[in-house]
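Architecture and fold: a report
Here is what each chain is made of, one letter per residue.
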Amino acid sequence: MAERLLYEGKAKKVFTTDEEGVLLHRFKDDATAFNAKKRGSWAGKGRANAAISAAVFEYLEANGIPTHFIERVDETTLKTRRLEMLPVEVIVRNVAAGSLARLIGYEEGTELKAPIVELCYKDDALGDPMLNWYHFRELGVSDADLEFCEELGLRVNGLLWPFFDERGIVLVDFKIEVGRDAGGTLMLADEISPDTCRFWDKTSGEKLDKDRFRRDLGGVEEAYEDMLRRVTG
Ligand code: TMP
């Protein structure tokens, strides 16, 4: 199958193939943080993120969530539907951490009364700022699309919370992205992995996600392997 590089991101390469409307997402071993000011790489990261994403997308699809996922074609590669992406990052939070803890002055680890949804504008040059609906309207994102993003985020959260709870993990927060296929259908896209979620061990509180890299906590490779075992094992 002829592959043509369409786009190279910080942690993935995206290829077109001979198949119309189909893409390959190849997960790299590279990691960045703080808008690529910090860079790293470790063996097995791409494999772990591809396998975790594939398992999570399969679970969500089986529970009625439309996703871009078609199949995992090798250790680091997922076949997906080609979408037009919305310039939106949807963050859903169950426990205060990271930028929310700073934003509202909560201690990290404070349980939220109800899940909080945030919409961020996907623009590296601006640092992916959190915007409100008025800003998004100005930027040409429709209310209907924003409503879909918020509802999808909450539905995904409702499914992923028990999925990870059964595996001994608190789903602290996560980020998803949304795109539209050629027929106009909106669906979940991108990835769901330790790069895009905060996973805390339910008993020890140990961080099993990219915060180990962001915050130089060590043991990042082991944490991703642990999450891979819990999700696919
Ligand atoms: P934050 O607390 O730093 O805003 O992160 C919230 C969630 O979003 C967390 O699970 C990590 C994820 N995230 C991404 O996937 N990409 C990003 O660029 C950032 C800043 C966060």
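Let me begin by describing the structure that accompanies this report. (Residues numbered from 1 in each chain as written. Predicted model: local features only at pLDDT ≥ 70, side-chain atom pairs only at ≥ 80, totals over all residues. Heavy atoms only, no water.)

1. Here we look at the site of the ligand
Rules: What makes a residue near a molecule or strand is one non-hydrogen atom of that residue sitting within 4 Å of it. We define a polar contact as two N or O atoms separated by no more than 3.5 Å, with the added condition that, inside protein, one atom must be a possible hydrogen donor and the other a possible acceptor, whereas residues neighbouring each other in sequence contribute only through side-chain atom pairs. To measure how exposed things are, a 1.4 Å probe is used in the Shrake-Rupley method; for residues, cover is taken only from the protein chains shown.
Taken together, 13 residues sit near the ligand, with Arg93, Ser99, Asp173, Lys175 and Arg198 positioned nearest. Between Arg93 and the ligand, the recorded distance is 2.9 Å, taken from a side-chain N or O atom to an oxygen atom. Within the side chain of Arg198, an N or O atom sits 2.9 Å from an oxygen atom of the ligand. Protein chains shield 76% of the accessible area of the ligand, which is 450 Å² for the free molecule.

2. Observations concerning the environment of Gly21
Quick reminder of the rule: Numbering of helices and strands starts at the N terminus; helices are DSSP runs of H or I of at least 4 residues and strands are runs of E of at least 2. Only heavy atoms matter for contacts: two residues are in contact if any of them lie within 4.5 Å across the pair.
With respect to the helices and strands, the residue Gly21 is situated in the loop between strand E2 (12-16) and strand E3 (22-27). Placed 111 residues apart in sequence, Gly21 and Asn132 show a C-alpha to C-alpha distance of 32 Å. Contacts of Gly21, omitting those with residues within four sequence positions, involve Thr80, Arg81 and Arg82.

3. Let's talk about the packing of helix H1 (residues 45-62) against helix H6 (residues 220-232)
Selection rule: Note on geometry: axes are C-alpha line fits, over the in-contact stretch for helices, and angles between N-to-C directions span 0 to 180 degrees. Roughly parallel covers angles under 35 degrees, roughly antiparallel covers those over 145, roughly perpendicular covers 65 to 115, and oblique covers all other angles. Handedness of a crossing is defined here by the sense of rotation of the near helix relative to the far one, left-handed for an anticlockwise turn of less than a right angle and right-handed for a clockwise turn. Under the scheme applied, nonpolar residues are Ala, Val, Leu, Ile, Met, Phe, Trp, Tyr, Cys and Pro; charged residues are Asp, Glu, Lys and Arg; polar residues are all the others, including Gly.
Contact geometry for H1 and H6: axes closest at 9 Å, N-to-C directions at 30°. Judged on the interaxial angle alone, H6 and H1 are roughly parallel. In this structure, H1 crosses over H6, and the sense of that crossing is left-handed. The residues of H6 that touch H1, namely those facing Lys45, Arg47, Ala48, Asn49, Ala51, Ile52 and Ala55, are Tyr224, Glu225, Met227, Leu228, Val231 and Thr232. Class assignment of the residues belonging to the contact of H1 with H6 gives a composition of eight nonpolar, two polar and three charged.

4. Remarks on the side chain of Asp195
Examined against the element boundaries, Asp195 turns out to sit in the loop between strand E11 (186-189) and strand E12 (197-201). One polar contact links Asp195 to Asn49, side chain to side chain, over a distance of 3.4 Å. Not counting chain neighbours up to four residues away, the residues in contact with Asp195 comprise Ala11, Lys45, Asn49, Lys210, Arg214 and Tyr224.

5. Focus: the sheet that holds strand E6 (residues 69-74)
Formally: Strands were regarded as paired on the criterion that DSSP finds at least two bridges between them.
Spatial strand order, E1-E2-E3-E7-E6: five strands in an open sheet with antiparallel pairing. Every other strand in the sheet has two partners, leaving strand E1 (4-8) and E6 as the edge strands with one partner each. Mean inter-strand twist for the sheet, computed between neighbouring axes without regard to direction, equals 30°. Contacts from H1 reach E3, E6 and strand E7 (77-81) within the one sheet, and its direction differs from that of E6 by about 150°.

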